[in-house]
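Here is what each chain is made of, one letter per residue.
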Amino acid sequence: MSFPWFRLTLVAGGLMSMGYLIMHATVPTPEQTYAALAPDLRRKVDANRAARLAQERVMKQQIDAQISNSEAEKPIWSDPQKQR
């Protein structure tokens, strides 16, 4: 008698599908989670989001400045050290 690979595959796939469907039905979306927050927590989330966007904007400016620099092709550590 051989091992029932086909039936095992169907049962495993069914269990994984059932788990995904239960997760999809019960886990709230990020928008629902944000809407359910207390007003003071929403202000903190908004402040963190604004800080993150400002940091990303600064980083993008630095990347753009590095790209536009003509010496950007060589690494920083390639410069000889200054003599003291």
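The numbers attached to residues start from 1 for each chain and follow its sequence in the written order. The predicted nature of this model means local features are confined to residues of pLDDT at least 70 and side-chain atom pairs, given and counted, to a pLDDT of 80 or more, with totals for whole chains, interfaces and linings taken over all residues. Hydrogens are left out, water is left out, and the side-chain values use all remaining heavy atoms of the structure.

Engineer: Lay out the overall build of the protein chain in plain terms, naming residues and giving numbers.
Structural biologist: Starting at the N terminus, helices and strands are each numbered in turn, a helix being any DSSP run of H or I of at least four residues and a strand any DSSP run of E of at least two. The number of helices and strands found in the protein chain is three helices and zero strands. Shown N-terminal to C-terminal, the secondary structure of the protein chain runs as helices and strands in the order α-α-α. With residues, only the protein chains shown are counted as cover, and all accessible areas are computed by Shrake-Rupley using a 1.4 Å probe. For the protein chain, the exposed area adds up to about 8400 Å²; of that, 63% sits on carbon and sulfur atoms.

Engineer: If you had to explain helix α1 (residues 5-26) to someone new, which residues and values would you point to?
Structural biologist: Take the residue count of a helix, subtract one, and multiply by 1.5 Å to get its expected span. Look at α1: 32 Å from first C-alpha to last across 22 residues, which is about the 32 Å you get at 1.5 Å a residue. Throughout this description, buried means an accessible area under 20% of the type-specific maximum (1.4 Å probe, protein chains only), exposed means over 50%, and partly exposed covers the range between. In terms of burial, α1 is a largely surface element, zero of the 22 residues being buried.

Engineer: Describe the confidence of the model for the protein chain, with residues and values.
Structural biologist: Confidence per residue, as judged by the predictor, is encoded in pLDDT with a range of 0 to 100. Here the protein chain averages 88 in pLDDT, while 82% of its residues score no lower than 70. Per-element confidence in the protein chain is highest for α1, whose mean pLDDT is 97, and lowest for helix α3 (residues 39-68), whose mean pLDDT is 93.

Engineer: So, the pattern of salt bridges: which residues are in play, and what are the values?
Structural biologist: Two side chains bearing opposite charge may form a pair once their charged atoms approach each other closely. Every case where a carboxyl oxygen of Asp or Glu lies within 4 Å of a side-chain nitrogen of Lys or Arg is listed as a salt bridge. A complete count under the given rule lists three salt bridges for this structure. Residues R49 and D46 are paired through a salt bridge, measuring 3.9 Å at the closest nitrogen-oxygen approach. You can see R49 and its partner D46 sitting in helix α3, three residues apart, about one turn around the helix. A residue is classified by how much of its surface remains accessible, and D46, at 34% relative accessible area, is partly exposed. Residue D64 pairs with K60 through a salt bridge whose shortest N-O separation is 3.8 Å. With D64 and K60 both in helix α3, this residue pair falls four residues apart, about one helical turn.

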